Amino acid sequence: MHSKKEVKNSWYPVIDYTNCTECGICIERCPHGVYDLQKVPTPVVQNPESCIDHCHGCGNRCPQGAIVYAGEDTGWIPPHHKTGKQSLGCGCNSGDHSEKSVLVEYLYLDLNTCDRCIGTDQKLEEVVSVLAPALKLAGYTVETRKIEIATKDIAEKHRFISSPTIRVNGKDICKSTSESDCGCCGKISGTQVDCRVFEYGEESFEVPPKEMIASAILQEVFGGSEMGCGCEEPDEYVCPPNLVSFFEGKEAKKVSCEGNCCS
Ligand code: SF4
Ligand code: SF4
């Protein structure tokens, strides 16, 4: 059995040993000494206090969805989570049937009015529709999640910094946070709102080019350690004032029209 010790940190991985196949990926990918290397390949959380707050690095890579987090408050669920619909075959489990997957999250402010959000959504769908079948051949599934950042609370939950955002296995495909005035979101909120500008190569785009999205997905799948563990120490999150005024302005407009036109 796996021993427990008193934990001071409020964020650390919790292993579901009934699903864990002891592949050792989580231990291999954590550079922070959270797991007990003496117990490889069994994942034993030896140093929970070393785990990085709000890191999902090992959970995003567990092929069994066997990792959740103490202190989880982001709405994250294991991307490879088994639903209990496993095969009812003979149970001999002779080969390795574990399926690898990549989680693509799209976080946006508005898909009705905003040209950037709508354009990015379309580009992402086009890229995934092409890549998903090819990646399936390589044994990967691509799971796409779309999340409307409708309120400040939701923004905080997802540590949202700029709209729109695409994350691959939790990593933002755009390393910069350049923004420019977004007339569409300004109309929605009645405030001046800056939205994301995607920088790729030497150029800037209000809607990311397909090459940028595809490269980020392929890099995550095949880039190995070059992409890092994805559990860099996160900065303390504060919802950008730009977004706060967007949410407040949107709410104020809704109240002033009594929900008849802006809902
Ligand atoms: S990655 Fe998942 S299945 Fe593999 S050892 Fe860790 S918890 Fe178990
Ligand atoms: S990979 Fe990240 S979440 Fe997993 S144990 Fe290491 S620091 Fe914690």
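Residues numbered from 1 in each chain as written. Chains lettered and ligands numbered in written order. Predicted model: local features only at pLDDT ≥ 70, side-chain atom pairs only at ≥ 80, totals over all residues.

J.: Lay out the overall build of the chain in plain terms, naming residues and giving numbers.
T.: Across its full length, the chain holds seven helices and 10 strands. Burial analysis of the chain (263 residues in total) assigns 30% to the buried set. Restricting the contact set of the chain to residue pairs at least 6 apart, pairs at least 24 apart contribute 65%. (Helix = DSSP H or I, 4+ residues; strand = E, 2+ residues; numbered from the N terminus. Buried ≥ 20, exposed ≤ 12 C-beta atoms within 10 Å, placed from the backbone. Contact = placed C-beta atoms within 7 Å.)

J.: So what about the site of ligand 1? Which residues, and what values?
T.: The environment of ligand 1 is formed by 13 residues, the closest being Cys-20, Cys-23, Ile-25, Cys-26 and Cys-62. Residues belonging to the shell around ligand 1 are distributed by class as follows: nine nonpolar, three polar and one charged. (Near = placed C-beta within 6 Å. Nonpolar A, V, L, I, M, F, W, Y, C, P; charged D, E, K, R; others polar.)

J.: Summarise the nonpolar core; cite the residues concerned and give the values.
T.: One finds Val-104, Leu-109, Ile-173, Cys-185, Ile-213 and Ile-217 to be the most contacted residues of the largest nonpolar core, which totals 36 residues. Excluding residues within four positions of it along the chain, Ile-217 makes contact with Val-102, Val-104, Leu-131 and Val-168. Ranked by size, the runner-up nonpolar core spans 15 residues in total, among them Val-45, Ile-52, Cys-58 and Ile-67. (Core = buried A, V, L, I, M, F, W, Y, C linked by C-beta atoms within 7 Å.)

J.: Break down the sheet that holds strand S4 (residues 140-148) for me, with residues and values.
T.: Taken in spatial order, the four strands line up as S4-S3-S5-S6 in an open sheet, and their pairing is mixed. Both outer strands of the open sheet, S4 and strand S6 (171-172), are each paired with one neighbouring strand and no more. Here strand S3 (residues 100-108) runs beside S4; their pairing, made up of nine bridges, is parallel. Each residue of the ladder has a partner; that of Val-102, found in S4, is Val-142. (Pairing = 2+ DSSP bridges.)

J.: Hey, could you go over helix H6 (residues 210-222) for me, with residue numbers and the actual values?
T.: Taking 1.5 Å as the rise per residue, H6 with 13 residues should run 18 Å; its terminal C-alpha atoms sit 18 Å apart, in good agreement. For H6, every residue scored as buried is listed here: Met-212, Ile-213, Ala-216, Ile-217 and Glu-220. For H6, the arc enclosing every buried residue in end-on projection is 130°, short of the 170-degree limit, so these residues lie on one face. Opposite the buried face of H6, at more than 90 degrees from it, the exposed residues are Glu-211 and Phe-222. Buried positions along H6 lie against S3, helix H3 (115-137), strand S5 (165-168), S6 and strand S9 (198-200). (Expected span 1.5 Å × (residues − 1). Arc of directions from axis to C-beta.)

J.: So what's going on with H3? Residues and values would help.
T.: Compared with the 33 Å implied by 1.5 Å per residue over 23 residues, the 34 Å span of H3 between its first and last C-alpha is a close match. At Leu-131, H3 shows its largest kink, close to 30°, and the proline Pro-133 lies no more than four residues downstream. All of the buried residues in H3 are Arg-116, Cys-117, Thr-120, Leu-124, Val-127, Val-128, Leu-131 and Leu-135. On the buried face of H3, the contacting elements are S3, S4, S5, strand S8 (194-196) and H6. (Bend = angle between axes of the 7 residues up to and from the residue.)

J.: Could you give me a rundown of unusual backbone geometry, with the residues and numbers involved?
T.: Leave glycine aside and you will find that most residues have negative phi; peptide bonds, for their part, are mostly trans. Between Val-40 and Pro-41 the backbone carries a cis peptide bond, its omega angle lying at 5°. With respect to the helices and strands, Pro-41 occurs in the loop between helix H1 (25-29) and helix H2 (57-61). Across the junction of Ser-163 and Pro-164, the peptide omega takes the value -5°, indicating a cis bond. Mapped onto the elements, Pro-164 comes out in the loop between helix H4 (152-157) and S5. Positioned with a positive phi, Glu-22 is a non-glycine residue whose angle comes to about 60°. Tracing the chain through its elements places Glu-22 in the loop between strand S1 (12-15) and H1. At Arg-159, a residue that is not glycine, the phi angle is positive and equals roughly 50°. By the secondary structure assignment, Arg-159 is in the loop between H4 and S5.

J.: Summarise the environment of Phe-205; cite the residues concerned and give the values.
T.: Topologically, Phe-205 is positioned in strand S10 (residues 203-205). On a C-alpha basis, the gap between Phe-205 and Arg-116 in space is 9.5 Å, while along the polypeptide they are 89 residues apart. In contact with Phe-205, other than residues within four places in its own chain, are Val-197, Phe-198 and Tyr-200.

J.: Break down the environment of Cys-55 for me, with residues and values.
T.: With respect to the helices and strands, Cys-55 occurs in the loop between H1 and H2. Of the residues examined, Cys-55 has 23 C-beta atoms within 10 Å and is grouped as buried. Here the alpha-carbon distance between Cys-55 and Pro-13, two residues 42 residues apart in the chain, equals 9.3 Å.

J.: Account for the environment of Cys-23, with residues named and values stated.
T.: Along the polypeptide, Cys-23 turns up in the loop between S1 and H1. On the basis of neighbour count, Cys-23 is assigned to the partly exposed category, with 17 C-beta atoms found within 10 Å. A sequence separation of 39 residues divides Cys-23 from Cys-62, and the C-alpha atoms of the two residues are 8.7 Å apart. When near neighbours in sequence (up to four residues on either side) are disregarded, Cys-23 contacts Pro-41 and Pro-63.

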